[in-house]
Protein chains: 2
Amino acid sequence: MLSKKAQYAFRALSTLVRTDLQRRADGADATVAASDAPTSITEIVKVHPMSTKFLETILLDLKRGGILGSKKGKGGGYYLLKHPDDTPLAQVIRILDGPIAPLPCVSLHFYERCQDCNEAVCGLNRLMAEVRDANLAVLEKRTLSDLAVDPGAGLAGA
Amino acid sequence: MLSKKAQYAFRALSTLVRTDLQRRADGADATVAASDAPTSITEIVKVHPMSTKFLETILLDLKRGGILGSKKGKGGGYYLLKHPDDTPLAQVIRILDGPIAPLPCVSLHFYERCQDCNEAVCGLNRLMAEVRDANLAVLEKRTLSDLAVDPGAGLAGA
DNA sequence: TTAAATCCTACTAATCCGATGGGATAAAAG
DNA sequence: CTTTTATCCCATCGGATTAGTAGGATTTAA
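Regarding the pattern of salt bridges
All names here are of chain A. One pass over the structure, following the stated rule, counts 18 salt bridges over all chains. Arg-64 is paired through a salt bridge with Asp-61; the nearest N and O atoms lie 3.5 Å apart. A residue pair is termed a helical-turn pair when its members lie 3 or 4 positions apart in one helix, as Arg-64 and Asp-61 do in helix H3 (residues 52-64) at 3 residues. Residues Arg-132 and Asp-133 are paired through a salt bridge, measuring 3.0 Å at the closest nitrogen-oxygen approach. Since its relative accessible area comes to 40%, Asp-133 is described here as partly exposed. Salt bridges linked by common partners bring Lys-5, Asp-61 and Arg-64 together as one network.

Brief notes about the protein's contact with DNA strand D
Taken together, the neighbourhood of DNA strand D is formed by 24 residues, with A:Ile41, A:Glu56, A:Lys63, A:Ser70 and B:Lys53 sitting nearest. Considering DNA strand D, the proportion of its atoms within 4 Å of the protein that are sugar or phosphate atoms stands at 65%. Contact distances for DNA strand D include 2.2 Å between a base oxygen and a side-chain N or O atom of B:Lys53. Within the backbone of B:Lys74, one N or O atom sits 3.3 Å away from a base oxygen of DNA strand D. Among the elements of the structure, helix H2 (41-47), H3, strand E1 (68-71) and strand E2 (77-80) of chain A together with helix H1 (4-26) and helix H3 (52-64) of chain B are those that each provide at least two residues to the surface near DNA strand D. Sorting elements by how many residues they give to the surface near DNA strand D places H3(A) first, with 5 residues. For the surface near DNA strand D, the class distribution of residues is 5 nonpolar, 8 polar and 11 charged.

Overview of the side chain of B:Asp20
All names here are of chain B. As for its placement among the helices and strands, Asp-20 is situated in helix H1. You can call Asp-20 buried: its relative accessible area is 5%. What Asp-20 contacts, discounting residues up to four positions off in sequence, is Leu-80 and Pro-84.

Description of the interface of chain A and chain B
Counting residues at the interface gives 34 residues for chain A and 34 residues for chain B. By the criterion of area lost to chain B, the three top residues of chain A are A:Met1, A:Leu124 and A:Leu127, representing 18% of everything that side buries. The tally of links from chain A across to chain B stands at 2 salt bridges. The salt bridge involving B:Glu130 is made with A:Arg142; its shortest N-O contact spans 2.8 Å. Applying the counting rule to chain A against chain B returns 5 residue pairs in polar contact (both at pLDDT 80 or more). Ranked by residue count, the leading element in the side of chain A that touches chain B is helix H5 (residues 123-139) of chain A, at 11 residues.

Looking at the packing of aromatic side chains
Two descriptors summarise a pair of aromatic rings, namely the distance from one centre to the other and the angle between the planes of the rings. All names here are of chain A. Summed over the entire model, instances satisfying the criterion amount to 2 aromatic pairs over all chains. Plain terms: the ring middles of Tyr-8 and Phe-54 are 5.8 Å apart, the flat faces sit at 90° to each other, and that makes the pair edge-to-face. Of this pair, Tyr-8 sits in helix H1 (residues 4-26) while Phe-54 sits in helix H3; the two residues are 46 residues apart in sequence, bridging distant segments of the chain.

Description of the pairing of E2(A)
Residues and elements named next belong to chain A. Neither face of E2 is left uncovered, since the one carrying Gly-77 and Tyr-79 and the one carrying Tyr-78 and Leu-80 both have all their residues buried. Relative to E2, E1 runs antiparallel, the two being bridged by 4 bridges. Bridged to Ser-70 within E2 is Tyr-78. What sits between the antiparallel neighbours E1 and E2 is a turn of 5 residues, in which Gly-73 has the positive phi angle 80°.

Considerations on H3(B)
All names here are of chain B. Taking 1.5 Å of rise per residue, 13 residues should cover 18 Å, and H3 covers 18 Å from first to last C-alpha, within 8% of that figure. Regarding H3, the residues found buried are Leu-55, Ile-58, Leu-59, Asp-61 and Leu-62. Taken down its axis, H3 places every buried residue within 150° of arc, on the same side. In H3, the exposed positions angled more than 90 degrees off the buried face are occupied by Lys-53 and Arg-64. The secondary structure elements touched by the buried residues of H3 are H1, helix H2 (41-47), strand E1 (68-71), strand E2 (77-80) and helix H4 (89-97). Gly-66 sits one or two positions beyond H3 and adopts a positive phi of about 85°.

Criteria and thresholds
- Residues numbered from 1 in each chain as written.
- Chains lettered and ligands numbered in written order.
- Predicted model: local features only at pLDDT ≥ 70, side-chain atom pairs only at ≥ 80, totals over all residues.
- Heavy atoms only, no water.
- Salt bridge = Lys/Arg side-chain N within 4 Å of Asp/Glu carboxyl O.
- Helix = DSSP H or I, 4+ residues; strand = E, 2+ residues; numbered from the N terminus.
- Buried < 20%, exposed > 50% of the residue type's maximum accessible area, 1.4 Å probe, protein only.
- Near = heavy atom within 4 Å.
- Polar contact = N/O pair within 3.5 Å; in protein donor to acceptor, adjacent residues only side chain to side chain.
- Nonpolar A, V, L, I, M, F, W, Y, C, P; charged D, E, K, R; others polar.
- Contact = heavy atoms within 4.5 Å.
- Buried area = accessible area lost by both parts, 1.4 Å probe.
- Phe/Tyr/Trp six-rings, centres within 6.5 Å; stacked < 30°, edge-to-face > 60°.
- Pairing = 2+ DSSP bridges.
- Expected span 1.5 Å × (residues − 1).
- Arc of directions from axis to C-beta.

Laid out in structure tokens, this is it:
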């Protein structure tokens, strides 16, 4: 199960994505940099009600994780460092919740040898590696862009 | 990540499966009932070193969950209620760790409505439902039998 | 009657999670 | 240069969960 941290992160990111795509649409070229249009924590909380302080720690994590940039001081806030297409959901989850694999001994980014268990013989490893791969097939393919898709699109006028 | 409980459960189950398959091979027909050849906690711990008391609570859970039967008193122990092929890994995980889905609002067996989030509009639901399905594709297909497969088979003589 | 097993309830120690508080630092605006 | 509005950083805290323990009741075979 995703932690609250990860859930809040996705909510916050969804608004950052919308802002980012909007900026790209408006500023035709790269005339408007992402750092010129940062979104503050206060603004995000207005859209997605949650603890301001808690969100702060989350956005800091995402910044340290290389997903967000920030601008301090008045008019400051956070912004995406890359195109939403280029940040898979897996990256967000790893930053906030750690390993995606069901066992440390099949984790790609957080591998730990398992005690009392010969990996070559252990039947569980193989199976859990399958589960990990099934997960990653989705989580590495789907990106922040997919978060912001409006499922009502195409229905409005029809 | 799987809890220790689930990990221990799988280890214990792997020996119960081996015993069960052995019994089926020996007793040709159904001349030997599973309840005639129960395996005690003590025996399991000999194979897989772990806290006896902790394993006790785990096997009790598996019994209440409908996977194991038990026989009390001297010579007693635990045994599989069904053919190993007929217990998917998903069932074991649900008993010991609860939901498999990454969010309560996309869980099949432990569904809970999510607050502050319109499911029809929320982009995350759709994506996490995809993750859930990817997981279940493996965990409902793979069974206890897969736990006991010897990966060295076919290599010994070659 | 004894020994060996499951069964049951409660408890505990440690860890993790969600959240909060207080302040340092930076930048823009007047 | 001061105020305001932000991010940044660190420490703490209550509650929940996890992993494991304790002790005894119950059942059955020998």
